[in-house]
Amino acid sequence: QVQLVESGGGLVQAGGSLRLSCVASGDTFSRYTMGWFRQDPGKEREFVAGILWNGVDTWYADSVKGRFTISRENAKNTVYLQMSSLKPEDTAFYYCAARKRDGRYSSLVADYGSWGQGTQVTVSS
């Protein structure tokens, strides 16, 4: 299984931007579909964005569509989440996740077998 380490979280004002990064190790990165999820304390983890191994096919939660962009660089074993026009409701712990590629646009937590430790994003109003 691949190991994942996120970075880039922090405190930002509403309307601002942040870019999260997730570096993978331990296996061939291009074998994996990658996803970003987020979780508030006391709430279920929710899907944010996903990207297939090819870096072309992407899909998003309706709540972030048009504001967030997921991308990847297979040569650097890294997936990114560019977040713009941030809102206080985007405040959460953000997790990077990986699943063995099968071409499906998965948004289910249970479909992803590898997870990072998460990074906190706080958006102030």
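Conventions used here
Residues numbered from 1 in each chain as written. Predicted model: local features only at pLDDT ≥ 70, side-chain atom pairs only at ≥ 80, totals over all residues. Heavy atoms only, no water. Disulfide = S-S within 2.5 Å. Helix = DSSP H or I, 4+ residues; strand = E, 2+ residues; numbered from the N terminus. Core = buried A, V, L, I, M, F, W, Y, C linked by side-chain atoms within 4.5 Å. Buried < 20%, exposed > 50% of the residue type's maximum accessible area, 1.4 Å probe, protein only. Contact = heavy atoms within 4.5 Å. Salt bridge = Lys/Arg side-chain N within 4 Å of Asp/Glu carboxyl O.

A look at the state of the cysteines
For step 1, the next point in the chain: Inspection of the entire model under this criterion finds one disulfide.
For step 2, the next point in the chain: For C22, the disulfide goes to C96, at an S-S distance of 2.1 Å. Negative torsions about the S-S bond denote left-handed disulfides, and the value of about -75° found for C22 with C96 makes this one left-handed. You can see C22 sitting in strand 3 (residues 18-25) and its partner C96 sitting in strand 9 (residues 92-100), a full 74 residues away along the chain.

Some points on the nonpolar core
For step 1, the next point in the chain: With 35 residues, the main nonpolar core has M34, W36, V79, L81, M83 and Y94 as its most contacted residues.
For step 2, the next point in the chain: Contributions of two or more residues to this core are made by strand 3, strand 4 (32-39), strand 5 (46-51), strand 6 (58-60), strand 7 (68-73), strand 8 (78-83), strand 9 and strand 11 (119-124).
For step 3, the next point in the chain: The element contributing the most residues to this core is strand 9, with five residues.
For step 4, the next point in the chain: Dropping the residues within four chain positions of it, M83 is found in contact with G16, S17, L18, L20, R67, F68, Y94 and V121.

Comments concerning the pattern of salt bridges
Between side chains of opposite charge, a pair can form when the charged atoms approach closely.
For step 1, the next point in the chain: For the structure shown, the criterion picks out 10 salt bridges.
For step 2, the next point in the chain: Among the salt bridges present, the one from E46 reaches R38, with a minimum N-O distance of 2.6 Å.
For step 3, the next point in the chain: E46 gets classed as partly exposed once you look at its relative accessible area, which sits at 35%.
For step 4, the next point in the chain: On the accessibility criterion, R38 (6% relative accessible area) is buried.
For step 5, the next point in the chain: In this structure, R38 and D90 form a salt bridge, with 3.0 Å as the shortest nitrogen-oxygen distance. Taken together, the residues R38 in strand 4 and D90 in the loop between strand 8 and strand 9 connect sequence positions 52 residues apart.
For step 6, the next point in the chain: Via salt bridges that share partners, R38, E46, R67 and D90 belong to a single interconnected network.

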